[in-house]
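A closer look at the structure
One-letter residues, chain by chain:
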Amino acid sequence: MSANLLALASDVGRESADFVRRTRPAGRVDVAATKSSPTDAVTEIDRASEQLIRERILDLRPDDGFVGEEGRDILGTSGVEWIVDPIDGTVNFVYDIPCYAVSIAAAVDGTVEAGFVIDVPSREEWSAVRGEGSWRTDGDGQHRLTAPDPPVLGHLLVGTGFHYTREIRTKQAEAMARMLPQVRDIRRTGSAALNICDVAAGRLDVYVEQGLMPWDRAAAGLVATEAGLVLSGLDGEPDERLVMAAHPAISEEYFALVRACGF
Ligand code: IPD
Ligand code: CA
């Protein structure tokens, strides 16, 4: 069943990524509205991408539930729920920075079983099925993901992001100021979904972010755990308060550092 869910997520994700790529006008994209803060933007293309994904999935599976970043939640009856970010990295999309993705996860009875993330500009794909593994797909084919051994704590390259609301950003900045002298460096490239996949591929060593929503991390989280990484929150499962990802060889030490820094 999970393989079928991944197949549908991949088909619809690719179609939506094609739509976003084709529809994007040259230059800066107009912001249609703002959400949690004046800098939390949504464009008409975010909305249209979500509508396309919703229609495609619910046409084929009308009894499923649907939770998307830009629309009303639909409560299903089948036990399957789709968790969708129609464009993760909307600010990059607005500014024409080539780092934004479509992210689609399928949860069964509350557990994510399949996940698909596609980098829209590069077409690179990330996919996962619970218990079966995760893969990165590019022009050269499909590559099984196994998170590489991490460096020591002081050499970690940390992926992160900052929330749109002022209060959370202030706290994040203070915590990051404490962490920076203790690691190699940080990267903030603007798409949580792609950043979590990056850790699975060894393009980042670890990840930390506060304030992520389920659609930012559902699909990428499964890509990460199926690649052998540990995902954690403040006191258990990741949630809106905190998401951390690390290789098991360094996870305890790194998670302790994150907490000590005040995230
Ligand atoms: C955002 C991106 C960003 C992260 C923010 C998210 P959006 O999602 O994933 O990297 O730092 O917390 O809200 O708004 O571009 O879909
Ligand atoms: Ca997002």
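Our structure's up above, just so we're on the same page.
Residues numbered from 1 in each chain as written. Chains lettered and ligands numbered in written order. Predicted model: local features only at pLDDT ≥ 70, side-chain atom pairs only at ≥ 80, totals over all residues. Heavy atoms only, no water.

Let's talk about the layout of surface pockets
Which entries qualify depends on this criterion: The way it works is a 1 Å grid over only the protein atoms, where trapped points that fit a 1.4 Å probe form a cavity and open points with protein on both sides within 12 Å along at least five of seven lines form a pocket, and then any residue with an atom within 4 Å of a point lines it. Grid points are joined across faces, edges and corners, and a volume is the space filled by probe spheres set on the points. A run of H or I in DSSP counts as a helix once it spans at least four residues, and a run of E counts as a strand once it spans at least two, with each numbered from the N terminus. Start and end points for every domain follow an automatic or database-based domain assignment. Classification convention: Asp, Glu, Lys, Arg as charged; Ala, Val, Leu, Ile, Met, Phe, Trp, Tyr, Cys, Pro as nonpolar; all other residues, Gly among them, as polar.
What the largest pocket holds in volume is close to 560 Å³. Every residue lining the largest pocket is counted, 30 residues in all, and those nearest its centre are Asp40, Phe162, Tyr164, Arg188 and Asp216. At the level of elements, β4 (80-88), α3 (90-95) and α6 (214-226) are the ones that each hand at least two residues to the lining of the largest pocket. Taken domain by domain, the makeup of the lining of the largest pocket includes at least three residues from each of domain 1 (2-144) and domain 2 (153-261). In this structure, the second largest pocket occupies an estimated 410 Å³ of space. Elements with a contribution of two residues or more to the lining of the second largest pocket: β4, β6 (111-119) and α6. If one sorts the elements of the lining of the second largest pocket by residue count, α6 sits on top with six residues. Residues belonging to the lining of the second largest pocket are distributed by class as follows: eight nonpolar, four polar and four charged.

So, the coordination of the calcium ion (ligand 2)
Inclusion rule: Any nitrogen, oxygen or sulfur atom within 2.8 Å of a metal ion counts as a donor, with the limit raised to 3.2 Å for Na, K and Ca, and since water is left out, coordination shells can look unfinished. Relative accessibility under 20% of the residue-type maximum defines a buried residue, over 50% an exposed one, and the middle range a partly exposed one, all with a 1.4 Å probe and only protein chains included.
Donor atoms from the polypeptide that coordinate the calcium ion (ligand 2) comprise Glu69 (OE), Asp85 (OD), Asp88 (OD) and Asp216 (OD), at 2.1 to 3.2 Å from the metal. Going along the chain, you hit the donors of the calcium ion (ligand 2) in the pattern E-x15-D-x2-D-x127-D. In this pair, Glu69 sits in the loop between β3 (65-68) and β4 while Asp85 sits in strand β4, placing the two residues 16 residues apart along the sequence. The exposure class of Asp85 is buried, given its relative accessible area of 0%.

Considerations on the site of ligand 1
Worth spelling out the cut-off: Whether a residue is near a molecule or strand depends on its heavy atoms: if one lies within 4 Å, it is near. Pairs of N or O atoms within 3.5 Å make up the polar contacts considered here, provided that, within protein, one atom can donate a hydrogen while the other can accept it, and that residues adjacent in sequence are counted only when both atoms are side-chain atoms. For every accessible area listed, the method is Shrake-Rupley and the probe measures 1.4 Å; residues are considered covered only by the protein chains on display. Put plainly, a molecule is in a cavity or pocket when over half of its atoms are within 2 Å of the grid points there.
In the region of ligand 1, 16 residues are neighbours, and Asp88, Gly89, Thr90, Tyr164 and Glu209 sit closest. Measuring from an oxygen atom of ligand 1, one finds a backbone N or O atom of Ile87 at 3.2 Å. At 2.8 Å, a side-chain N or O of Tyr164 approaches an oxygen atom of ligand 1. In isolation ligand 1 offers 370 Å² of accessible surface; the protein chains occlude 96% of this area. Structurally, ligand 1 is housed in the largest pocket. Residue contributions to the shell around ligand 1 peak at three residues, all from β4. In the shell around ligand 1, the residues fall into five nonpolar, five polar and six charged. Of the residues that make up the shell around ligand 1, three or more belong to each of domain 1 (2-144) and domain 2 (153-261).

Some words on the packing of aromatic side chains
Going by this rule: Only centres within 6.5 Å qualify two rings of Phe, Tyr or Trp (six-membered ring in Trp) as a pair; their planes then separate them into stacked at under 30 degrees, edge-to-face at over 60, and tilted for everything else. Over a ring means this: the NZ of a Lys or the CZ of an Arg is within 6 Å of the ring centre and within 35 degrees of the ring normal.
Following the criterion strictly, the structure yields two aromatic pairs and no others. Between the aromatic rings of Phe93 and Tyr100, the centroid separation amounts to 5.1 Å while the plane-to-plane angle is 75 degrees, which identifies the pairing as edge-to-face. Take Phe93 and Tyr100: they sit in the same class, and that class is buried. Arranged with centres 6.0 Å apart and planes meeting at 55 degrees, the rings of Tyr254 and Phe255 form a pair that is tilted. The same class applies to Tyr254 and to Phe255, which are both buried. Geometry around Phe93 places Arg24 over its ring, the cationic atom sitting 5.4 Å from the centre.

Observations concerning the environment of Val20
The criterion, for reference: Two residues form a contact once any of their heavy atoms are found within 4.5 Å.
Turning to its location among the elements, Val20 is positioned in helix α1 (residues 2-23). Classification of Val20 by relative accessible area gives buried; the value is 0%. Remark: the alpha-carbon pair of Val20 and Arg259, spanning 239 residues in sequence, is separated by 38 Å. If we ignore the near neighbours within four places in the chain, the residues touching Val20 are Ile45, Ser49, Ile87, Phe93, Tyr100 and Val120.

Description of the pairing of β6
Operational definition: Pairing between strands requires that DSSP locate at least two bridges from one strand to the other.
Here β6 lies mainly inside the structure; eight of its nine residues are buried. Bridge count for strand β5 (residues 101-108) against β6 is eight bridges, and the pairing is antiparallel. Note on β6: the bridge partner recorded for Val108 is Thr111. Two successive antiparallel strands, β5 and β6, enclose a turn made up of two residues, where Asp109 displays a positive phi of approximately 50 degrees. Bridge analysis of β6 against strand β7 (residues 125-129) gives five bridges, and the strand direction is antiparallel. Residue pairing for β7: Ala114 is matched across the bridge by Val129. The antiparallel hairpin formed by β6 and β7 contains five residues in its connecting segment, where Arg123 sits at a positive phi of about 70 degrees.

Notes on helix α7 (residues 251-261)
To be explicit about the condition: This arc describes the spread of directions from the helix axis toward the C-beta atoms.
Taken residue by residue, α7 has Ser251, Tyr254, Phe255, Leu257, Val258 and Cys261 as its buried positions. The buried residues of α7 occupy an angular sector of 155 degrees when projected down its axis, which confines them to one face. Exposed residues lying more than 90 degrees from the buried face of α7 are Glu252 and Ala260. Looking at the buried positions of α7, the neighbouring elements they touch are β10 (157-160), α4 (166-179), β12 (206-209), β13 (230-232) and β14 (243-246).

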